Amino acid sequence: MTPVTGRFGRVIIVAKDNITNMLRTEVWKELRELDELVQNITVTLPTGETFTYREECAKWEGQCFVNDILNLDKIIGEVERGELNLTFPIMFNPVTWEAHAFPVYFGGARVVDDTIVSVPAVQLVWFVRTDNKLQQERGAAWEDAFLDEVGIAEDTGRFKHISVARFASRTLDHELEKNTRTVIPFFSSTFILMGIFSIITCMMGDWVRSKPWLGLLGNISAVMATVAAFGCAIYLGISFIGINLAAPFLMIGIGIDDTFVMLAAWRRTSPQLPVPQRMATMLSEAAVSITITSVTDMLSFFIGLAVCFTFVWHLTFFAGCVAVSGYREKQNRHTITWLKVLPESRARKEEKSWLYRIFCSGGIDVADPDNPIDNKEHCIMAFFKTTMANILNNSLVKALVIVVFLMYLAGAGYGVTNLKEGLERRKLSKVDSYSVEFFDREDLYYREFPYRIQVVITGNYNYSDPQVQDEVETLTQKLENTSYISNSLYTESWLRTFVNYVSRNNDYLNVTIDNEVDFIKNLKELWLFPANPFSLDVKFNEAGNQIVASRFLIQAINISGTNHEKEMVKALREVVAESSLNASVFHPYFVFFDQFELVRPTSIQNLCYGALMMMITSFIFIPNILCSLWVAFSIISIEIGVVGYMALWDINLDSISMINLIMCIGFSVDFTAHICYAYMASKAKTPDERVSECLYSLGLPIVQGSFSTILGVVALLLADSYIFSVFFKMVFMVIFFGAMHGLFLLPVLLSLFGPGSCTRKTNDVKVLKVEKPFPHPYILPHPQLVLNDQIFNGKNISPNGVYKIYGDDKDLGIGTSGEDTSESSSNQSQRRQIGNDGNSRKKYEDGWKRSSYQSTSQFQPSGELDLYGHDTDRTWQRQRHEDGRRTGENYRRSRELHRDDDWVAQRKTSDAGPRREGPYRVMRAHSHHNIHRNRAPRRSNSHHNLEHLDYVAEMRFP
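Counting of residues starts from 1 at the beginning of each chain's written sequence and follows it residue by residue. With the structure being a predicted model, the display of local features is reserved for residues of pLDDT at least 70 and the display and counting of side-chain atom pairs for 80 or more, all residues being used for whole-chain, interface and lining totals. Side-chain metrics rest on all non-hydrogen atoms present in the structure, leaving aside hydrogens and water.

Under an unreviewed UniProt entry, the name given to the chain is Patched domain-containing protein 3, and the organism recorded is Papilio machaon. UniProt positions are given in the numbering used here, feature names are shortened, and annotations may be inferred rather than shown by experiment. According to UniProt, the comment filed for the chain under the heading Subcellular location (unreviewed entry) is "Cell membrane". What UniProt records for the chain under Sequence similarities (unreviewed entry) is the sentence "Belongs to the patched family."

Asker: What am I meant to see in the overall build of the chain here?
Answerer: Going along the chain from the N terminus, every DSSP run of H or I of four or more residues is numbered as a helix, and every run of E of two or more is numbered as a strand. Counting its regular elements, the chain contains 33 helices and 18 strands. Partly exposed describes any residue whose relative accessible area lies between the buried limit of under 20% and the exposed limit of over 50%, with all areas from a 1.4 Å probe on protein chains only and scaled to the type maximum. The 958 residues of the chain split such that 51% are buried. Long-range pairs, those at least 24 residues apart, make up 76% of the contacts in the chain between residues at least 6 apart in sequence. All accessibility values rest on the Shrake-Rupley procedure with a 1.4 Å probe; residue burial counts only the protein chains present in the view. Of the roughly 46300 Å² of accessible surface on the chain, 58% is carried by carbon and sulfur atoms. In this description, contact between two residues means that some pair of their heavy atoms is separated by no more than 4.5 Å.

Asker: Explain the pattern of salt bridges here, please?
Answerer: Opposite charge on two side chains makes pairing possible when the charged atoms of those side chains draw close. By convention in these notes, a salt bridge is any Lys or Arg side-chain nitrogen within 4 Å of a carboxyl oxygen on Asp or Glu. Considering all chains together, one arrives at 24 salt bridges under this definition. The shortest N-O distance in the salt bridge between glutamate 33 and arginine 158 comes to 3.4 Å. Remark: arginine 158 occurs in the loop between α5 (133–155) and β11 (162–168) and glutamate 33 occurs in helix α1 (residues 25–39); sequence separation between them is 125 residues. Judged by its relative accessible area of 42%, arginine 158 is partly exposed. Of the charged contacts, one joins arginine 496 and glutamate 473 as a salt bridge, the two residues approaching to 3.0 Å between their closest N and O atoms. Of this pair, arginine 496 sits in helix α18 (residues 494–509) while glutamate 473 is found in helix α17 (residues 466–480), placing the two residues 23 residues apart along the sequence. We classify arginine 496 as buried; its relative accessible area is 17%. Put simply, Arg10, Arg425, Glu442, Asp443, Arg447 and Glu565 are held in one network by salt bridges that share partners.

Asker: Would you explain the side chain of aspartate 257 in this entry?
Answerer: The residue aspartate 257 is located in helix α9 (residues 247–267) in this model. Buried and unpaired, aspartate 257 has arginine 267 as its nearest opposite-charge partner, separated by 11 Å. In this structure aspartate 257 touches Asp670, Phe671, His674, Pro701, Gly705 and Ser708, once residues within four positions along its chain are discounted. Positive: Lys, Arg. Negative: Asp, Glu. His and the chain ends are not part of the count.

Asker: Would you mind showing me how to read the nonpolar core here?
Answerer: It is characteristic of soluble globular proteins that their nonpolar side chains tend to be buried jointly. For this analysis, a nonpolar core means a set of buried residues of the types Ala, Val, Leu, Ile, Met, Phe, Trp, Tyr and Cys, connected via side-chain atoms within 4.5 Å. Formed by 139 residues in total, the largest nonpolar core has its most connected members in Ile453, Tyr463, Phe519 and Met568. Here this core takes 19 residues from helix α26 (residues 722–753), the largest share from any one element. For isoleucine 453, the contacting residues outside a window of four places in its chain are Ile485, Phe552, Leu553, Ile554, Ala556, Met568, Leu572, Val585, Phe586, His587 and Phe590. Trp28, Val43, Val150 and Tyr434 belong to the second-largest nonpolar core, a separate cluster that totals 34 residues.

Asker: Any chance you could explain the sheet that holds strand β1 (residues 7–15) here in plain terms?
Answerer: In any sheet, the strands associate via hydrogen bonds between backbone groups, in a parallel or an antiparallel arrangement. Pairing between strands is defined by DSSP: at least two bridges between the two strands are required. A sheet is described by the order of its strands in space; here four strands give the open sequence β7-β10-β1-β11, paired in antiparallel fashion. Strand pairing shows two members of the sheet lacking a second neighbour, β7 (106–107) and β11, which therefore form its edges.

Asker: I'm lost on empty space enclosed by the protein in this one. Help?
Answerer: Over the atoms, a rolling probe the size of a water molecule traces out where space has been left empty. Cavities and pockets were defined on a 1 Å grid built over protein atoms only: a cavity is a set of grid points that admits a 1.4 Å probe from which the probe cannot escape, a pocket is an open set flanked by protein on both sides within 12 Å along at least five of seven lines, and lining residues are those with an atom within 4 Å of any such point. Grid points are joined across faces, edges and corners, and a volume is the space filled by probe spheres set on the points. Scanning the entire structure with this criterion turns up nine cavities of 30 Å³ or more. Quantified by volume, the second largest cavity comes out at close to 60 Å³. Together, Gly253, Ile254, Asp257, Phe667, Asp670, Phe671, Thr709 and Ile735 line the second largest cavity. Broken down by secondary-structure element, the contributors of at least two residues to the lining of the second largest cavity are α9 and α24 (670–681). With three residues, α9 is the largest single contributor of residues to the lining of the second largest cavity. For the lining of the second largest cavity, the class distribution of residues is four nonpolar, two polar and two charged. Residue assignment places the lining of the second largest cavity across two domains, with domain 2 (182–372) and domain 3 (392–420 + 597–753) each supplying three or more. Just so you know the grouping, Ala, Val, Leu, Ile, Met, Phe, Trp, Tyr, Cys and Pro go in nonpolar, Asp, Glu, Lys and Arg go in charged, and all remaining residues, Gly too, go in polar. A domain assignment, automatic or from a database, supplies the domain bounds used here.

Asker: How should I be thinking about helix α6 (residues 171–183) in this particular structure?
Answerer: One turn of the α-helix equals 3.6 residues, which is why residues spaced by three or four share an orientation. Each helix should span, by expectation, one fewer than its residue count multiplied by 1.5 Å. The terminal C-alpha atoms of α6, which comprises 13 residues, lie 19 Å apart, in line with the 18 Å expected from a rise of 1.5 Å per residue. Of the residues making up α6, those classed as buried are Thr171, Leu172, His174, Glu175, Asn179, Thr180, Thr182 and Val183.

Asker: What's the story with helix α23 (residues 655–668) in this structure? I'm lost.
Answerer: When the terminal C-alpha atoms of α23 are compared, their 20 Å separation across 14 residues agrees well with the 20 Å that a helix rising 1.5 Å per residue should span. In terms of burial, α23 is largely enclosed, as 13 of its 14 residues are buried. We call two N or O atoms a polar contact when they sit within 3.5 Å, provided that within protein one can donate a hydrogen and the other can accept it, with sequence-adjacent residues counted only if both atoms are side-chain atoms. For α23, the N-terminal capping position is held by aspartate 654, with its side-chain oxygen 3.0 Å away from the main-chain nitrogen of isoleucine 656.

Asker: Explanation requested: the environment of glycine 561 in the structure shown.
Answerer: Mapping glycine 561 onto the fold places it in the loop between β15 (547–555) and α20 (562–578). Separated by 137 residues in the primary sequence, glycine 561 and glutamate 424 have C-alpha atoms spaced 9.6 Å apart.

Asker: Got a minute to help me understand unusual backbone geometry in this structure?
Answerer: As a rule of thumb, non-glycine residues mostly have phi less than zero, and peptide bonds are mostly trans rather than cis. Of note in this structure, asparagine 332 is not a glycine but carries a positive phi near 60 degrees. Considering the arrangement of structural elements, one finds asparagine 332 in the loop between α11 (305–330) and α12 (344–349). Residues other than glycine seldom take positive phi values, yet aspartate 650 does so here, at roughly 65 degrees. One can find aspartate 650 in the loop between α22 (625–648) and α23. With a relative accessible area of 60%, aspartate 650 lands in the exposed category.

Right, here's the structure in full:
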């Protein structure tokens, strides 16, 4: 019998020296020696009290059970005398009438004709009672001593013929604790590695714009945020579990990712701007991306204290560090020494040494801020802007990216169909743990009869009532009739055996069990005496006159694999649920089986919930439904890839991988959200230009962030633990797949199907081709569509010229372009000077009127439709030449009349600039007067001319 109590020590013994049969005298002698060792282990409590297992058993009146198969004096003697009939599955002694169920203790027994021929493994168990807190403490201390002593005996080779694998009730707790301790030594090395990586990747050839200290401060910010999060969690009373120690590695990676995004946004600002303005621009660009990733990470963790604190620390502490560095950069100080240095352009002019130019120069020259020597872009950012963008904008490359993506999905789909479920117990321990050998032997030798399952009945039932007895028996038989439970031969039921015992021997026992009082009295006297193992199967109330709980044991048979185990638990629970009794089934390993049952539906549910929440969050911050759909598509694609390829990477779907899978939902949206937001925020008109801008903005931060996150968790591989190994593998996959989606797939998909994907340059090219034959930049009204002396919007249209509608200050008959007009800004200035004198002004305007369009024939219906205005253009050219000649003559006459000092004073008063020495020369130049003056409509085939009010004012239909 193997009763399951709170504390126990358990061993599985196999023979050495190629001995395959444990039924040998020398082997059994060493088994007895092992039992003596365990019984006499001395345990010292913190109070100084000592005890042994044998003493505890004596104190508890023999209720400390070693396997009853190990009554070594009897067994060995009976084997030597030939009194033992080794029949399967019961070993029966006809002399003492004792029976032993072999499958519980003998593993991998070979049976021929119902006779046990060989036994390769034997299992022994020592139980310790834990009825109260004091006994639990004593039992825990004994377990520790048991594991130590048996381990020393095995390691020192004390036993010559047997090999012992040990296990205790708290072994898994010990192993999980050891797993957490293994990662602690790697905290410092990880921080140093991340610091070096951040410093190197934040440096540039420009020693003023380089940011190595900010890279290091980004790590410090993440560390401080993680420490604050742990402190807050402890203050709130949140219990600490071992896997929490993986958080610092992950938070350093997330924190430094935000650092790279902020620094990339800072580099895109102009060095000539003031620091507050650069900070505002940086935060306006980077804060949205950081907020999206932080919110999605917090949602994936449900409550991510460390993520929340990292977000706050970067927007406060790290942003302040960036501002300080900005003022240093504004003062052109060296990034490391903080000493003022010369820009590279000035260093070349002053012929500084090459060492100075390489290791000291940097920044921009205030006297020449736009010097290209001092305004070099980051080489990697420039690479993404030009080379990478040009590659991805190539049609063949786009097709290749889509083909590779389809192959990726095919491989992921294959992995999903071959995904295995279940958590092997050996994976919870370290590779070099003593428990691994025990789990391996258990799986090898005890799969045929693996689990001794308890059926517990609670409630105040009258077990003397035949109806209650029938209900208990019915429940027992239903359980035995399932395919997962052996027949009644291996069932241990105190009620069944007691009732049968009384029925068979009532002739000489002369007792009655028809009422509850007699039933309990005779049960205690005849059946539940202290040495009987059934004494642990019945629980009385404090008065001892009523049974409040009881149990019986059933034997599972031929259970193999995770699916079989969870199906067994489900079937047994359905049976007990149908019973009228308040019954339940229990085994210590059911906690794993329950996880097997819940892992798949929980994973699917959480993945769907996470993807939906990520899409909603992305839509809030990126208010474009198409981009939100692409983000959701990327999340689903990445998650499918992680699930599929984790199966190919020897990772089962279990509770550990499920936690990591849910957690990775937040990471899958990081890079994709960055790219989508940058694509949406771009002001470029074409998809190719948008791809170039978003890669320029986020190409480098994505590469830096992905490498930093992977480097942050790579130390977990050194812990030599399945838990942390799975953690690293899944984080690596989600970061790698996310980076590939962000750098390659999303730019291609957004350029093909994203916002602005229908915009093309062809319209602009067509306009240029149409305008090319017409050198004139203006649209002349069609002869058939001219209004004569009409009024539009209260403005008088003079027949002397269509441009009078623009006002008196208009460049009459010439235009506004500084390149095509014959009247420059200097002419206009002189015209304003003339306007200061009334007589001169009148003479000036009379000259213009004489030189205006005297003939209106070109604006009258000609009878012949000049569709493209060629004839009109030629006439306009001739008249313009004549008008220019007359204008020049008028100007020369006006200048001769006003070459006195008064005219010069008026000119000085009219012009804001200082007086020029020497002759005044008319120059062709752009004038701000031309910029602010209404321009005549340009020649174009666009419909925009119809929207020009002045143009419409000149039109009429015949």
